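Chain residues, written in single-letter form:
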Amino acid sequence: MTGEAWISIGLLMLVVLLLVKPVGAFLARVYEFQPLFGLDKLFGPLERGIYRLCGIRMDDEQNWKQYAAACLVFNFLGFLAVYAIQRLQGSLPLNPAGMKAVPPSLAFNTAASFITNTNWQNYAGESTMSYGTQMAALTVQNFLSAATGMAILVALIRGLVRKTTSGIGNFWVDVTRSVLYVLLPICVIFSLILVSQGVPQTLERYVHVKLVEPFVAPAVASGAASRPEAVASQTIAVGPVASQEAIKELGTNGGGFFNANSAHPFENPTGLTNFLEETAILLIPLAFCYTFGRMVGDTRQGWAILAAMVILLLAFMIPCVITEQAGNPLLAKYCNQRPTALQPGGNMEGKEARLGPVNSAIFDSTATGTSTGAVNSMLDSFTPLGGLFPLWLIQLSEVAPGGIGSGLYGMLMFVLVTVFIAGLMIGRTPEYLGKKIEAFEMKMASIAILVPPSLALLGTAVACVIAQGVAGIANPGAHGFTEILYAMTSQANNNGSAFAGLNGDTPFYNIVGGLIMLIARYWTIIPPLAIAGSLANKKIVPAGSGTLSTHTPLFVFVLLGIIVVVVALTFFPALALGPLAEQLQTFAGHF
Amino acid sequence: MASRKPLNLFQGDIFRRAVRDALIKLNPRHQIRNPVMFVVFLGAILTTALFVQSLAGHGEAPTWFIFWISVWLWFTVFFANFAEAMAEGRGKAQADTLRRARRDTPARKLSAPQRAAAATEVPASTLRKGDIILCEAGDSIPADGEVVGGVASVDESAITGESAPVIREAGGDRSSVTGGTRVLSDWLIIRVGANPGEAFLDRMIAMVEGAKRQKTPNEIALNILLAGFTIVCLLATATLLPYSIYSAAAVNAALAAAGKAMVARAVPITTLVALLVCLIPTTIGGLLSAIGIAGMDRMIQANVIATSGRAVEAAGDVDVLLLDKTGTITLGNRQAVAFHPAPGVAERDLADAAQLSSLADETPEGRSIVVLAKNKYGMRQRDIDDLGARFVPFTAQTRMSGVDLPGRPIRKGADSAVEKYVCALGGSFPPAVRSKADEISRQGSTPLLVAQGPAVLGTIELKDIVKGGIRERFAELRAMGIKTVMVTGDNPLTAAAIAAEAGVDDFLAQATPETKLKLIRDYQQHGQLVAMTGDGTNDAPALAQADVAVAMNTGTQAAKEAGNMVDLDSNPTKLIEVVETGKQLLMTRGALTTFSIANDVSKYFAIIPVMFASTYPALTRLNIMDLNPQTAVLSAVIFNALIIIALIPVALRGVRYRPRPAHELLWNNILIYGVGGLLAPFIGIKLIDLLLNIRF
Amino acid sequence: MSATDGSANADESNSPGGRRQTKLPRRGGVLAMLRAALVLLTLCSVLTGIVYPLVMTGIARVLFPWQAAGSLINRKGQPTLSRRSAIGSAQIGQYFNQPWYFWPRPSATSPVPYNAAASGGSNLGPTNPTLIAHIKQRVQALRNADIGNSAPIPVDLLTSSASGLDPDESVAAAYYQIPRIARLRRMSPARLKKLIARYTSGPQFGLLGEKVVNVLELNLALDRVAPYPPAPGAPFDHVRSSTVR
């Protein structure tokens, strides 16, 4: 690993960590209804108007069941809307490319994918979705699925903070405030920066240009059957990209406007945009740690969780960078992969020259660690170990640092399990932040922790044995297995990134994947809400010297141990048949 | 403290009984209660079936391999059963002893609560609540009840193990008697308080046997967690079959394309079962119920009977200890510190009389008076027989003790008793003595009056002595995060003095049952768990309110009913031990869970490299322990089974507990059980593999 | 799940988390919930799905009109807003396989390379024999086009990009092609190096991204400074200096 690579990682971490406190504090103000530096004055009338039209009052409190019901109803309506818009896009406005209706199974998969903040894409954006669909269906859910995750987290925090009450906040209010005061303002600024760097933002049709020199495509480059006729023009897909790109990263969604996602020069044209997109991805998931600390009245609690998240992320990101920068041993005899002043070197298949292997590995690790699923390089073409680490990051159940809201509420489930085990070890009925952790909490936390890995393992098992599953595989041998495992893992953890070789646009993958995403999302949302309800009802036990400290390095160490053993190692056998076998088998001489 | 024998695991009879019980527990209906071990149980059945299949010539793996795996899976199940049986063993042995006390003695049922009332002989088993019975010296008390008439000394050693007899009398706090105990002197009229089968002895037998053992809340929560973990492991291993079928097919296709033999095979089910059993938390799963039973058993060894496991668990969580001053913080027996003569009496004479009256008094107070007289006036201890004196022991009726020298009867006792005594002899009670006695009382000490015939000689001042080491004990409790509150009837001044000396965190002076109850409620309002001890009927409301309430066995029936534990030794200091036992119980669970989960890491490295060897031979590079591929899986399974046996002592004794702040405890246990659990199997599995390969 | 059991939980809390007076819904019920969900979804859709992108489009058109429209350039390599005069986008690569142009990185888009209406990578795994076969063919093509150049080939010139539209290649990849271009266009390598340097950018602020050459702009510049085929008898290293920006 070169010094430049260390600097790249260090710079990203530095900038994000510097932003954690101010942004986290702002988020806490949003959810505690404190003044927002004039922003509330600006959007206050709009906010109150929304509530009036919805027939809700800002101080209406919901118990956890009402809160969960509101979340499910809201998301279900969103699902119907996304499905309907895709099916009807042929006759809807803002369709300059004349896109036809999206087929039912694909539309189902996409709707499930976008309402669950997964943003798994079995379609290529520029050849499937109209501008209208990208905006009114997909961009909207990029906002709303992110806001849903934020709301659930805030409800859980309230459950921890409040005592002997059943109210955990109001879902409608939390969603509205998340959109109005957090996501939208940041997106406005962020999308303008993106445009300045070269991201298109236009509603005009695709650009047709005459090529400088017509060419005859050689068979090798396209992979498809070569056509002898000369190609004389290029159609350049454009669209309202920047506005979607901004929320795609900020909301840890990851669904690209284009098929190539953030590798596309229009989604991620420069080193600066790449850096800002990484920052946007990490920003809110990490800032929420500080918000959490603020809201529970002990910021150390937030920093401890943040430390755990960052350690996990770096533990997987750094080896990924190392292996990708080291290059593909099988190519060594054909070309020069050494990083020099004139070239980034490394494993460049499926990577962009302006980004190079280091920024590609950092970006993809960041995006897999946050359930964003955006990619700026093709994971399928990563070296076996380089691909293993992003895959494993997802398999950690998206807690390093995980999706917006969902990362922290997922992490808190692990914290509860850790508190339970560590609490026993000091001889007390476990408690977290003064709340006793009992059978009900354990049951719910177990469900939330159990669901994603179970779905990933089962989905992969099914796809491995039935013909429709195996048919989608693009690469032979162990790599093909990794493709299936990656696809199922990604959807079961609502990540959405892909080993994109797998052909997912088949009825089997569309429907199974869609169901997996829905189950995974809502069965990791309901348990935290149930816990919030249960905890809100409890008293708060004052801390003493006999209380387990949950902000110490020791606790972080135990937490990491639990995560690694309980979820990461669960996938070890499967990983042995995929990336590990591929690495050891093929690169036997290079390991 | 009675019968605290060191735990001998392989005590012959308990061991034999445990082996037998462990076999009986192989019943599926018993197994299904423990989800983790039930999975092992099913795995053992499955591999046995696979073994039979392989005998028939259709083996999916070498016959010897399937055979040994299934044998060791059965051992795993058996070892877990054995651990539970061992834990139950001592309880059962103790229950047998108790049962011997529950003979069906004939009872004399009275028609009315008077000694002279008509009596009928009935079998004890027919006695009902409310019946009145008479017990005389030598009788075994046939049922639990309350004394309504008479005073007697009772031998309760059958229950408490304490050989010194206790006084039981009507009214007050010493009115309750327990079935199975024995009247030594005098007689008692008893109102039966429990129907047959519901008596204290019955409850105790059920308790120690663990017959009615229900899972405690914390155990349920842990079970849920372990079940969840088991499901993940189950899915992770079960899905390996399709994965390996796919992988083998892919590799074979590649081999065929290269013109090589298609050697890749899907992983055998036996290996998958072995992996599953190694990964699920069998160590804690197998020992979980043993830990719970052993925790209760440790309470019983400490002579505390808990009415539920829940109470034992709650003891570990206690935040506040309400401790009665007398007997807990101070020596229950006070010590003489000064002689205060009555007007006109020389102090030396008072000291002399006091010493004489105490010569035969073996109580600590008596001894302290003798010592004080010797120290102050150099009075040598005299032999009571040489003086021709007759010792008058303390009785419940006179409430005085003393000595009858020829023509010189000396008595000492509480002011009211002595006043009664001198007045009865025609003497008078000097007001100066009374005021002195009151003054001593006010200072938190106890006045003891001495009279010679009708003349009051003066007052001995008995002072509370804070128990040695109690200060350090409280400091430990403070380090554990437990607050100590001294409860006393003394005035605030005295209470503060003693509280400061003893080092308690707080005190409640001039306590009444009401203020005590209010104090408990206040703490609970703030989310704290309160523990207390009590014996009197007026303690009952507070006992009922407290989260952990230890009633003294000497206490009233009402107190015992209100509490959730009974201390047979009636030792109020026991509360601290109760808390420690509760903590130890939870810690043992946590430590073994950590150990069990940490174990998994090495097992992956033992099994995974060899499990797909036919498909991806290169994976054997992950065989970092350098195990023999033939025996690696078996070694892991054997380790997994043996570790249960190895940890039975930890489960039964509990992990070592020293009162320390939480973070230090956590550090220690993480180091021992977390890091240790990570490393131990690497060594263990490697050793077993080496041994296996000596034989093979 | 209905919202009607609020009355049972009507106790009020003044805990630190909810600094407001909290109140559970008085009536609620399924209909009220549906109404809230439907109205909120509609309003949010309008706000984030229509107003937000449209407003952004408007602002972008004013502040960054060229970038917002797709960074189009004309044949002179100059930014243009006119779609008619555009020959491509500065951000999007184009395919060149004539030996007198700098070749861009391989593209795996379908059906033709650098199909900017269907971005994507090859998704070939690192150990896939097809990948190795492709690499070998590309090596062969490069060697054939420049017989005698046995310098090691920079990896990015042999591997297809993630988007298939990579506008850039490494400086090393451009340098590798200097002998071929120099020969065919009769330019000195030093001149070419200077030209390459002109179209080299990054890392931004010296930190972000990699140092790369924009191939389309470089080739457009090539055509301007040294058209191919060179005029018969043109002197070696002729330069139409007037057209160099």
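Definitions and limits used
- Numbering of residues starts from 1 in each chain and follows the order in which that chain's sequence is written.
- Lettering of chains starts at A and numbering of ligands starts at 1, both following the order in which they are written.
- Note on the predicted model: pLDDT of at least 70 is required for a residue's local features to be given, and 80 or more for side-chain atom pairs to be given and counted; whole-chain, interface and lining totals, by contrast, use all residues.
- In computing side-chain properties, one takes all heavy atoms of the structure into account and sets aside hydrogens as well as water.
- Only DSSP runs of H or I reaching four residues or more are called helices, and only runs of E reaching two or more are called strands; each is numbered from the N terminus.
- Every residue pair with non-hydrogen atoms within 4.5 Å of one another is taken to be in contact.
- Buried area is understood as the total, over both parts, of accessible area removed when two parts are fitted together, assessed with a 1.4 Å probe.
- Take a side-chain nitrogen of Lys or Arg and a carboxyl oxygen of Asp or Glu: if they are within 4 Å of each other, that pair is a salt bridge.
- Cavities and pockets are defined on a 1 Å grid built over the protein atoms alone: a cavity is a set of grid points where a 1.4 Å probe fits but cannot escape, while a pocket is an open set with protein on both sides within 12 Å along at least five of seven lines, and lining residues are those with an atom within 4 Å of any such point.
- Grid points are joined across faces, edges and corners, and a volume is the space filled by probe spheres set on the points.
- When residues are grouped by polarity, Ala, Val, Leu, Ile, Met, Phe, Trp, Tyr, Cys and Pro land in nonpolar, Asp, Glu, Lys and Arg in charged, and all others, Gly among them, in polar.
- Whenever a helix is involved, its axis is fitted only over the stretch in contact; in every case the axis is a line through C-alpha atoms, and angles between N-to-C directions fall within 0 to 180 degrees.
- Here is the rule for angles: anything less than 35 degrees is roughly parallel, anything more than 145 is roughly antiparallel, 65 through 115 is roughly perpendicular, and the remaining ranges are oblique.
- Two helices crossing with the near one rotated counterclockwise from the far one by less than a right angle form a left-handed crossing, whereas a clockwise rotation gives a right-handed crossing.
- For the purposes of these results, a polar contact is taken to be a pair of N or O atoms within 3.5 Å, where, inside protein, one atom must be able to donate a hydrogen and its partner to accept one; residues adjacent in sequence count only when each atom of the pair is a side-chain atom.
- The pairing criterion for strands is at least two bridges between them, as found by DSSP.
- What a helix should span is 1.5 Å times the count of its residues minus one.
- Burial status follows relative accessibility: with a 1.4 Å probe on protein chains alone, a residue under 20% of its type maximum counts as buried, one over 50% as exposed, and anything between as partly exposed.
- Each domain's extent was defined by an automatic or database domain assignment.
- Patch membership requires more than 30% relative accessible area and the absence of a salt bridge. Residues of like charge join within 9 Å; the nonpolar side chains Val, Leu, Ile, Met, Phe, Trp and Tyr join within 5 Å.
- Residue burial considers only the protein chains on display, and all accessible areas are found by Shrake-Rupley using a 1.4 Å probe.

1. Topic: the overall build of chain C
Reasoning step 1: A count of helices and strands for chain C gives six helices and six strands.
Reasoning step 2: Put simply, of all contacts in chain C between residues at least 6 apart along the chain, 54% involve residues at least 24 apart.

2. Let's talk about the interface of chain B and chain A
Reasoning step 1: In this assembly, 64 residues from chain B lie in contact with 58 residues from chain A.
Reasoning step 2: Taken together, the two surfaces of chain B and chain A that pack against each other cover about 5300 Å², and 75% of this comes from carbon and sulfur.
Reasoning step 3: A per-residue breakdown of the area chain B buries against chain A is headed by Tyr243, Tyr246 and Leu666 of chain B, which together make up 14% of the total.
Reasoning step 4: Across the contact surface, chain B and chain A share one salt bridge.

3. Examining unusual backbone geometry
Reasoning step 1: Going from Gly202 of chain C to Pro203 of chain C, the amide bond is cis rather than trans, its omega being -10 degrees.
Reasoning step 2: Along the chain, the position of Pro203 of chain C falls in the loop between β5 (200-201) and β6 (212-214).
Reasoning step 3: With omega at -5 degrees, the peptide bond leading from Tyr228 of chain C into Pro229 of chain C counts as cis.
Reasoning step 4: Along the chain, Pro229 of chain C falls in the segment after α6 (215-225).
Reasoning step 5: Notably, Asn119 of chain A is not glycine yet its phi reads approximately 65 degrees, a positive angle.

4. Considerations on the layout of surface pockets
Reasoning step 1: Taken as a whole, the second largest pocket holds about 750 Å³ of empty space.
Reasoning step 2: Lining the second largest pocket are 37 residues, and of these Asn259, Ala500, Gly501 and Leu502 of chain A together with Asn123 of chain C sit closest to its centre.
Reasoning step 3: Here the lining of the second largest pocket is built from residues that sort into 13 nonpolar, 23 polar and one charged.

5. Notes on the packing of helix α4 (residues 104-115) of chain A against helix α18 (residues 507-536) of chain A
Residues and elements named next belong to chain A.
Reasoning step 1: Remark: α4 packs on α18, axes separated minimally by 8 Å, with the N-to-C direction vectors making an angle of 20 degrees. Put simply, α4 runs roughly parallel to α18. The handedness of the crossing between α4 and α18 comes out as left-handed. Across from Ser105, Leu106, Phe108, Asn109, Ala112, Ser113 and Ile115 in α4, the residues of α18 making contact are Pro507, Tyr509, Asn510, Ile511, Gly513, Gly514, Leu515, Met517, Leu518, Arg521 and Tyr522.
Reasoning step 2: Of the residues contributing to the contact of α4 with α18, the split by class is 11 nonpolar, six polar and one charged.

6. Structural notes on the interface of chain C and chain A
Reasoning step 1: With 132 residues of chain C at the interface, the matching set in chain A holds 144 residues.
Reasoning step 2: For the pair chain C and chain A, the summed buried surface comes to about 10800 Å²; carbon and sulfur atoms form 63% of the total.
Reasoning step 3: Seen at the junction of chain C and chain A, the total is three salt bridges.
Reasoning step 4: Between Glu204 of chain A and Arg83 of chain C there is a salt bridge whose closest N-O contact spans 3.7 Å.
Reasoning step 5: One can count 45 residue pairs in polar contact (both at pLDDT 80 or more) joining chain C with chain A.
Reasoning step 6: Breaking the side of chain C that touches chain A down by element, the ones donating at least two residues are α1 (30-63), α2 (65-68), β2 (86-89), α3 (129-145), β3 (153-154), β4 (168-170), α4 (171-185) and α6 of chain C.
Reasoning step 7: Ranked by residue count, the leading element in the side of chain C that touches chain A is α1 of chain C, at 25 residues.
Reasoning step 8: Among the residues making up the side of chain C that touches chain A, the classes are represented as 67 nonpolar, 45 polar and 20 charged.
Reasoning step 9: In terms of strand pairing, strand β3 (residues 335-336) of chain A meets β3 of chain C through two bridges, oriented parallel. Looking across to β3 of chain C, one finds that Asn336 of chain A is bridged to Pro154 of chain C.

7. Structural notes on empty space enclosed by the protein
Residue and element names in this part refer to chain A.
Reasoning step 1: This model, assessed by the stated rule, comprises 13 cavities of 30 Å³ or more.
Reasoning step 2: Taken as a whole, the largest cavity encloses approximately 260 Å³ of empty space.
Reasoning step 3: In terms of lining, the largest cavity is formed by 23 residues, of which the most central are Ser397, Glu398, Ser406, Pro452 and Thr524.
Reasoning step 4: A per-element tally of the lining of the largest cavity places helix α14 (residues 406-425) first, with six residues.

8. Thoughts on helix α17 (residues 477-492) of chain A
Residues and elements named next belong to chain A.
Reasoning step 1: Along its 16 residues, α17 runs 23 Å from first to last C-alpha, staying within 8% of the 22 Å computed at 1.5 Å per residue.
Reasoning step 2: Most of α17 is tucked away, with 15 of its 16 residues classed as buried.
Reasoning step 3: Asn494 lies just past α17 and shows a positive phi near 55 degrees.

9. Observations regarding the domain arrangement of chain C
Reasoning step 1: You can read the domains of chain C as domain 1 (30-63) and domain 2 (94-244).
Reasoning step 2: Taking only C-alpha atoms into account, the centre of domain 1 of chain C sits 45 Å from that of domain 2 of chain C.

10. Points about the pattern of salt bridges
Reasoning step 1: For the coordinates displayed, the defined rule picks out 43 salt bridges over all chains.
Reasoning step 2: Ionic pairing is found between Lys351 of chain A and Glu324 of chain A, a salt bridge with its closest N-O pair at 2.5 Å. Residue Lys351 of chain A is found in the loop between β3 and α12 (356-369), and its partner Glu324 of chain A is found in helix α11 (residues 299-326); the two are separated by 27 residues along the sequence. Across the pair, exposure class does not vary: Lys351 of chain A and Glu324 of chain A are buried alike.
Reasoning step 3: The partner of Arg185 of chain C in a salt bridge is Asp223 of chain C, and the shortest N-O contact between them spans 2.8 Å. Residue Arg185 of chain C is found in helix α4, and its partner Asp223 of chain C is found in helix α6; the two are separated by 38 residues along the sequence.

11. Brief notes about the sheet that holds strand β2 (residues 119-123) of chain B
To summarise the sheet geometry, strands pair through backbone hydrogen bonds and adopt either a parallel or an antiparallel arrangement.
All names here are of chain B.
Reasoning step 1: Here we have six strands laid out as an open sheet, ordered β2-β1-β3-β9-β4-β7, and antiparallel in their pairing. Single-partner strands in this sheet number two, and they are β2 and β7 (176-177).
Reasoning step 2: Two elements, strand β1 (residues 106-110) and β2, share five bridges in a ladder whose sense is antiparallel. Across the sheet, the residue bridging to Ala107 is Val122, located in β2.

12. Some words on the pairing of strand β9 (residues 187-192) of chain B
Residue and element names in this part refer to chain B.
Reasoning step 1: The pairing of strand β3 (residues 132-136) with β9 spans five bridges and is antiparallel. Within the sheet, the bridge partner assigned to Leu134 lies in β9 and is Ile189.
Reasoning step 2: As judged from the four bridges shared by strand β4 (residues 145-149) and β9, these two strands associate in the antiparallel manner. Paired with Val147 across the strands is Ile190, a residue of β9.

13. Notes on a nonpolar patch on the surface
Residues and elements named next belong to chain C.
Reasoning step 1: Together, Val46, Ile50, Val51, Leu54 and Val55 give the surface a local cluster of nonpolar side chains, amounting to about 350 Å² of exposed area.
Reasoning step 2: Note on placement: Val51 falls in helix α1.
Reasoning step 3: Classification of Val51 as partly exposed rests on a relative accessible area of 36%.

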